[in-house]
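# Summary of the model geometry
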Amino acid sequence: MKLNKERQQMYLDGKVGLINDGTVEQLWEIAADCTLRGDSKYYYAKVRPTDGMEYHHTLWFYETETRKPTAWKLNIDVPEWDAKAGTVGINHKKYEDSVQFNNSLSPKSLLPYIATPIYGTKIKLESGAEIELSENDIENIKKL
């Protein structure tokens with residue numbers, strides 16, 4: 001779960017209220033700088049919420065983290081791209097909505113139908129540098 005910073009700011013700005021659902025531990029992360037009132041129906045910062053304010057459970061402030069594919073592996077041959085099944089295409093550096101296979105660009109919207117995503121994993125090295133490896137890279141390292 002990842003804290004949604006925009007929703008957190010809405011709470012801190014007093015635009016939305018928070019229903020007391022018993023998850024105080026998570027709430028501390030949301031409103032670390034605020035005085036919490038856990039003895040009432042709502043948690044709130046400094047000023048009591050006004051009528052008509054929208055209230056949300058603590059979970060509303062969090063969202064699941066989705067892994068982003070760093071590459072795609074074709075499931076079928078695509079003669080137009082001069083690419084056979086198993087060919088790996090990487091996200092294009094300049095065009096965010098495109099993946100490059102050999103010398104051809106493909107729109108990402110087409111890929112779920114013809115390719116399998118390869119997810120990247122961020123790894124912190126001893127030097128402090130951070131690199132991102134694809135699932136394929138990790139499997140190859142395991143074979144060493």
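Residues numbered from 1 in each chain as written. Predicted model: local features only at pLDDT ≥ 70, side-chain atom pairs only at ≥ 80, totals over all residues. Heavy atoms only, no water.

### A look at the overall build of the protein
What the protein contains, in helices and strands, is 4 helices and 11 strands. Residue burial in the protein is summarised as follows: out of 144 residues, 30% are buried. Sequence-distant contacts, at least 24 apart, represent 47% of the contacts inside the protein between residues at least 6 apart. Accessible surface computed for the protein: about 10,200 Å², of which carbon and sulfur atoms make up 50%. (Helix = DSSP H or I, 4+ residues; strand = E, 2+ residues; numbered from the N terminus. Buried < 20%, exposed > 50% of the residue type's maximum accessible area, 1.4 Å probe, protein only. Contact = heavy atoms within 4.5 Å. Areas by Shrake-Rupley, 256 points an atom, 1.4 Å probe, with all protein chains shown as cover.)

### Quick look at the packing of aromatic side chains
This model, assessed by the stated rule, comprises 3 aromatic pairs. With centroids separated by 5.8 Å and ring planes inclined at 80 degrees, the aromatic side chains of Y11 and F61 adopt a geometry described as edge-to-face. Residue Y11 is located in helix 1 (residues 5-12), and its partner F61 is located in the loop between strand 4 (54-56) and strand 5 (62-63); the two are separated by 50 residues in the primary sequence. Using a relative accessible area of 3% as the deciding quantity, one classes Y11 as buried. Judged by relative accessible area, which is 0%, F61 ranks as buried. Centre to centre, the rings of W81 and F101 are 5.3 Å apart; their planes meet at 15 degrees, and the pair counts as stacked. (Phe/Tyr/Trp six-rings, centres within 6.5 Å; stacked < 30°, edge-to-face > 60°.)

### Describing unusual backbone geometry
Positive phi, normally seen in glycine, also occurs at D82, with a value near 55 degrees. Secondary-structure assignment places D82 in the loop between strand 6 (69-74) and strand 7 (88-91). We classify D82 as exposed; its relative accessible area is 64%. Phi is positive for N102, close to 50 degrees, though the residue is something other than glycine. Along the chain, N102 turns up in the loop between strand 8 (98-101) and strand 9 (104-107).

Read these as spatial facts, not as claims about activity.
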